[in-house]
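Residue-level structure breakdown
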Amino acid sequence: MTDESVRPHADENAVRLYGEDFDQRPKDFFERMRREHGPVVPVLLEGDIPAWYVIGYREVNHVTGNPALFARDTRRWNAWDLVPENWSLLPFVGWNPSVMLAEGEEHHRRSAAISDALDAVDRTELAGISERVADHLIDEFAGDGEADLGSRFADRLPPMVMVGLFGVPDAEVPDMIRDIQDVAGSDEKAVAAYQRLQGTMRRLAETRRAHPGADVTSRLLQHPAGYTVDELISDLIPMLSAGTLPTGHWIGNTLRLMLVDEQFAVTLQGGRGSVSQALNQVLWEDTPSQNNIGRFAVRSCELAGRKIRPGDMLILGWAAANADPQVQPPAQGAGAGNRAHLSFGHGDHGCPYPAPELAEVVARTAVEVLLDRLPDIELAVKPDELLWLPSFWVRRLAALPVRFTPAMAPH
């Protein structure tokens, strides 16, 4: 049982971190929280479980930059006895021996191996694979004159690219993609999907140990860091999830921006000059990775005037921090050259090098190929009819319907 002296207490003004405003109008939601509560907000997660939501840019950097005070191991949490058995957020909070929750030297050993394995990916080859996959997907709907770019292009392209990099067998791909999406959906399907993913990753790790190839999984097993199969299973799930879902949503959110924002009209007429700018602007304004659970206080402390107790959970609000007017004043806008956003995390547990670079190669190639192939593409609905899917973790459109002049697939 949790010690009563450190049991989390729900603040009487706590904000429920779920619902329509949180899903559909996050910018207004963040602004209201910042105005009423400041940079650290008392919140209630699903099931009315109390936590702290860190939405200030400076405060997020402080938390992520001080692992001795705000640690990653979820076993430190002081509210475990409040969590229902099938809690939808459990896959992201339940302790497992992954690099995501490791601390100190153990985290360094494995994160360094992951960086080495990813850095061996040839960027030119990755761009070529991404281009071929993009062409293949566009061929499937180019003659129709209409398509949902979410389900038929953006969501499908990164998994089709990444499975080859990790050596996932073709037969496993459809179920793996479905399970990754169900885990991120944060609903009643999340726990069972996570359990299935563990089985899929075990089969992949054991196959690559017996038959190594030129893929990330094999390189990790052969790395001097001494990866075991069990360690690899727990690390492959976040690696593949982070490499597929956010990258797909990055593509979809960028295409949406370029279709609704007049400043990108020239690009939609066949130019490429603004694609990188649009990709960066999305990371500021509609980042695919919205939140992270998180950090857990090692001892009593204060953060922006809030009294944090040992074991309190701190949720890192990447999207909210990006919208902090202290770093992104309204008059400034996103800015093509400003890459100080927190969309790839920050600190020791930020997205490991060179993962952001590889994701950008995939996303930029996907958008450029689509604009080359379908230069007169336009939205098939009004911009305000586009809806965002509810998710605690990601920012993703329910659909991105477009129309264009039908084009024959090249032979």
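For the structure, check the block above.
Anyway, here's the lowdown on the structure attached to this text. (Residues numbered from 1 in each chain as written. Predicted model: local features only at pLDDT ≥ 70, side-chain atom pairs only at ≥ 80, totals over all residues. Heavy atoms only, no water.)

So, the overall build of the protein
Under the convention used in this document: Strands here are runs of E lasting at least two residues and helices are runs of H or I lasting at least four, both read from the DSSP assignment and numbered beginning at the N terminus. Two things to know: the radius of gyration comes from C-alpha atoms, and the globule rule equals 2.2 Å times the number of residues to the power 0.38. Accessible area is worked out with a 1.4 Å probe on protein chains only. A residue is then buried under 20% of its type maximum, exposed over 50%, and partly exposed in between. In what follows, a contact means two residues having at least one pair of non-hydrogen atoms within 4.5 Å. Using a 1.4 Å probe, accessible areas were evaluated by the Shrake-Rupley method; residue-level cover was limited to the displayed protein chains. His residues and chain termini do not enter the charge count, which takes Lys and Arg as positive and Asp and Glu as negative. The atoms used to mark charge sites are NZ of Lys, CZ of Arg, CG of Asp and CD of Glu.
Counting its secondary structure elements, the protein contains 16 helices and 11 strands. A globule of 411 residues ought to have a C-alpha radius of gyration of about 22 Å, and the protein, at 21 Å, matches this closely. Summarising its shape, the C-alpha atoms of the protein cover approximately 70 × 55 × 35 Å along the three principal directions. Buried residues in the protein amount to 55% of all 411 residues. In the protein, the share of contacts with a sequence separation of at least 24, taken over all contacts with a separation of at least 6, comes to 72%. On the protein, roughly 17,700 Å² of surface is accessible, and the fraction owed to carbon and sulfur atoms is 51%. Of the side chains in the protein, 39 bear a positive and 59 a negative charge, and the two mean positions are spaced by 2 Å.

Details of the sheet that holds strand β10 (residues 378–379)
The following threshold applies: Paired strands are those between which DSSP finds at least two bridges.
The strand order across the open sheet built from 3 strands is β5-β11-β10, with neighbouring strands paired in antiparallel fashion. Where the open sheet ends on each side, the last strands, each with one partner, are β5 (146–148) and β10. In terms of strand pairing, β10 meets strand β11 (residues 401–403) through 2 bridges, oriented antiparallel. Bridge pairing links Glu 378 to Arg 403 in β11.

Some details on the side chain of Thr 74
With respect to the helices and strands, Thr 74 occurs in the loop between β4 (70–71) and α4 (90–93). Residue classification places Thr 74 among the buried residues on the basis of a relative accessible area of 0%. Ignoring sequence-local partners within four residues, the contact set of Thr 74 consists of Trp 80, Val 93, Gly 94, Trp 95, Leu 101 and Phe 296.

As for the pattern of salt bridges
Pairs can form between side chains of opposite charge once their charged atoms are near each other. Note the following rule: Salt bridge criterion: a side-chain nitrogen from Lys or Arg within 4 Å of a carboxyl oxygen from Asp or Glu.
Enumeration according to the criterion identifies 34 salt bridges in this entry. Among the salt bridges present, the one from Arg 152 reaches Asp 144, with a minimum N-O distance of 3.5 Å. On the basis of relative accessibility, which here comes to 27%, the residue Arg 152 falls in the partly exposed class. With a shortest N-O distance of 3.4 Å, Asp 175 and Arg 178 are connected by a salt bridge. On the criterion of helical spacing, the pair formed by Asp 175 and Arg 178 is a turn pair, its members being 3 residues apart in helix α9 (residues 173–184). You can call Arg 178 partly exposed: its relative accessible area is 35%.

Here we look at the nonpolar core
What tends to happen in soluble globular proteins is that the nonpolar side chains get buried as a cluster. Put simply, the rule reads: We define a nonpolar core as any set of buried Ala, Val, Leu, Ile, Met, Phe, Trp, Tyr and Cys residues linked to one another through side-chain atoms lying within 4.5 Å.
Ranked by size, the top nonpolar core spans 81 residues in total, and within it Phe 153 and Leu 157 carry the most contacts. Broken down by element, this core gets its largest block of residues, 14 residues, from helix α12 (residues 229–260). Not counting chain neighbours up to four residues away, the residues in contact with Leu 157 comprise Ser 130, Val 133, Ala 134, Leu 137, Ile 251, Val 362 and Ala 366. By size, the runner-up hydrophobic cluster in this structure holds 28 residues, among which are Val 43, Ala 51, Met 313 and Ala 320.

Overview of the packing of aromatic side chains
Just so we agree on the cut-off: When the centres of two rings from Phe, Tyr and Trp lie within 6.5 Å, Trp using its six-membered ring, the rings pair. Their planes under 30 degrees apart give stacked, over 60 give edge-to-face, and anything left gives tilted. Cation placement over rings: the criterion is NZ of Lys or CZ of Arg within 6 Å of the ring centroid and within 35° of the ring normal.
Throughout the structure, instances matching the rule amount to 9 aromatic pairs. Ring centres of Trp 77 and Trp 87 lie 6.0 Å apart, and the angle between their planes is 25°; this geometry places the pair in the stacked category. Here Trp 87 lies in the loop between β4 and α4 and Trp 77 lies in the loop between β4 and α4, a separation of 10 residues in the sequence. Given the relative accessible area of 2%, Trp 87 is considered buried. Here the guanidinium or amino end of Arg 75 rests over the ring plane of Trp 95, the centre of that ring lying 3.9 Å away. Seen from the ring of Trp 388, Arg 395 lies directly overhead, with NZ or CZ sitting 3.7 Å from the centre.

Side note on the side chain of Asp 235
Stated formally: Distance and chemistry together define a polar contact, namely a pair of N or O atoms within 3.5 Å, with one atom able to donate a hydrogen and the other to accept it when in protein, and with adjacent residues in sequence counting only for side-chain atoms on both sides.
Position of Asp 235 among the secondary structure elements: in helix α12. For Asp 235, the side chain forms a polar contact with the side chain of Arg 110, separated by 2.9 Å. Among residues more than four places away in sequence, those in contact with Asp 235 are Pro 97, Ser 98, Val 99, Arg 110, Ile 114 and Tyr 227.

Some points on the sheet that holds strand β2 (residues 40–45)
The test is simple: What counts as an axis is a line fitted to C-alpha atoms, over the stretch in contact for a helix, and the angles between N-to-C directions run from 0 to 180 degrees.
An order of β1-β2-β3-β9-β6-β4 is seen for the 6 strands of this open sheet, with the pairing classed as mixed. Here the strands that pair on one side only, and so sit at the sheet edges, are β1 (15–16) and β4. Sheet analysis places β1 next to β2, joined by 2 bridges and oriented parallel. Looking at β2, one finds that Arg 16 is bridged to Leu 44. In the packing of helix α3 (residues 57–64) onto the sheet, the strands contacted are β2, β3 (49–54), β4, β6 (291–297) and β9 (313–317), and the crossing angle to β9 comes to about 125°.

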